[in-house]
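# Breakdown of the fold
Chain by chain, the residues run as shown.
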Amino acid sequence: MRGGAAIRVLLADDEHLIRGALAALLALEDDLAIVAEAASGPEALAMARAHRPDVAVLDLQMPGADGVRVAASLRESVPECRTMIVTSYGRPGHLKRALAAGVRGFVPKTASAEQLAEIIRTVHGGSRYVDPELAADAISAGDSPLSAREAELLELAADGAPVAEIARKASLTQGTVRNYLSAAAAKLGAENRHTAARMARERGWI
């Protein structure tokens, strides 16, 4: 045991096999204790509030709420819990959103269990870890040109929802939604909202 009590870890990933394998591997580390597991964003929040872990290891893409939204919520409701994102989708916009939400670690799923264990220790100790390649990509990509509202509406449009449905979900008029989506498409140089949504998603801006 390193320096007393084990680091209490929450693992959240909607892929059961990956989560189970990771839990088994991390449990081999004598200074780490897996205190809870979750398969969705809401479940991760509930487990964190119930078990008060030291570090939450969150998958970026989860049903209900993504890892960044979970991290932002935990910053308010379980402030002593440090958060880190493990993802297959290491796009620049995701990294910037994560850092803005107070995430302390951003790691690709290609990392080994040994590397992940060491990063958990780093994050728990108060330091930050960002995969160097992801950091370089984020710097070169620049900031999103989209406003918060444009990004929100593009995200609603990303799965092909009609304007009427987007307007209802966003509590806006259809005309206002069309204006925002047209502005977003123009900023991205896209011919329509569907292409704009795809481009924004590929860059991690939504």
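Provided above is the structure to which this section pertains.
Residues numbered from 1 in each chain as written. Predicted model: local features only at pLDDT ≥ 70, side-chain atom pairs only at ≥ 80, totals over all residues. Heavy atoms only, no water.

Looking at soluble globular proteins, one finds that nonpolar side chains tend to be buried together. Counting 25 residues, the largest nonpolar core has Leu58, Val70, Leu74 and Ile85 as the members making the most contacts within it. Breaking this core down by element, the ones donating at least two residues are β1 (7-12), β2 (32-38), α2 (41-51), β3 (55-59), α3 (67-77) and α4 (92-100). Looking at this core element by element, the count peaks at four residues for α3. Each residue touching Val70, except ones within four places of it in the same chain, is listed here: Gly41, Ala44, Leu45, Leu58, Met62 and Ala65. Among the nonpolar cores identified, the runner-up in size contains 22 residues, and Val163, Ala167, Ala170 and Ala196 belong to it. (Core = buried A, V, L, I, M, F, W, Y, C linked by side-chain atoms within 4.5 Å. Buried < 20%, exposed > 50% of the residue type's maximum accessible area, 1.4 Å probe, protein only. Helix = DSSP H or I, 4+ residues; strand = E, 2+ residues; numbered from the N terminus. Contact = heavy atoms within 4.5 Å.)

Let's shift gears to unusual backbone geometry. Unlike most non-glycine residues, Arg52 shows phi in positive territory, near 50°. By the element assignment, Arg52 lies in the loop between α2 and β3. Taking relative accessible area as the criterion, Arg52 reaches 36% and is therefore assigned partly exposed. The backbone of Ser171 shows a phi angle near 55°, a positive value even though the residue is not glycine. Mapping Ser171 onto the fold places it in the loop between α8 (163-170) and α9 (174-188).

Sheet architecture is open: six strands sit in the order β2-β1-β3-β4-β5-β6, paired in parallel fashion. If you trace the sheet from one side to the other, it starts and ends with β2 and β6 (129-130), each paired once. Two elements, strand β5 (residues 105-108) and β6, share two bridges in a ladder whose sense is parallel. Considered in β6, the bridge of Phe106 is made with Val130. Along the sheet, helix α1 (residues 16-26) makes contact with β1 and β2, crossing β2 at roughly 165°. (Pairing = 2+ DSSP bridges. Axes fitted to C-alpha atoms, helices over the stretch in contact; angles between N-to-C directions.)

Looking now at the packing of α1 against helix α5 (residues 113-124). Two packed helices can be described by the angle between their axes and the distance between those axes. Two numbers describe how α1 lies on α5: the axes approach to 10 Å, and their chain directions differ by 70°. By the angle between their axes, α1 is roughly perpendicular relative to α5. Contact with α1, carried on its side by Leu22, Leu25 and Leu26, involves Ala113, Leu116, Ala117 and Ile120 of α5 and no other residues of that element. For the contact of α1 with α5, the residue count by class is seven nonpolar, no polar and no charged. (Parallel < 35°, antiparallel > 145°, perpendicular 65-115°, else oblique. Nonpolar A, V, L, I, M, F, W, Y, C, P; charged D, E, K, R; others polar.)

For the rest of this paragraph, the subject is the environment of Gly126. You can see Gly126 is positioned in the loop between α5 and β6. Each residue touching Gly126, except ones within four places of it in the same chain, is listed here: Arg82 and Arg104.

We now examine the layout of surface pockets. Space inside the largest pocket adds up to approximately 600 Å³. Taken together, 21 residues line the largest pocket, and the ones lying closest to its centre are Asp66, Arg69, Arg97, Glu155 and Ile206. For the lining of the largest pocket, the secondary structure elements donating two or more residues are α4 and α7 (148-157). In terms of residues, the lining of the largest pocket owes the most to one element, α7, which gives four residues. Classifying every residue of the lining of the largest pocket by side-chain character gives eight nonpolar, four polar and nine charged. Of the voids in this model, the second largest pocket is the one considered here, and its volume is about 210 Å³. Lining the second largest pocket are 19 residues; nearest its centre among them are Ile18, Leu22, Val86, Lys109 and Leu116. The set of elements that each furnish at least two residues to the lining of the second largest pocket consists of β1, α1, β3, β5 and α5. With five residues, the top contributor of residues to the lining of the second largest pocket is α1. Among the residues forming the lining of the second largest pocket, the class breakdown is 14 nonpolar, one polar and four charged. (1 Å grid on protein atoms, 1.4 Å probe; cavity = no way out; pocket = protein on both sides within 12 Å on 5 of 7 lines; lining within 4 Å. Points joined across faces, edges and corners; volume = space filled by probe spheres on them.)

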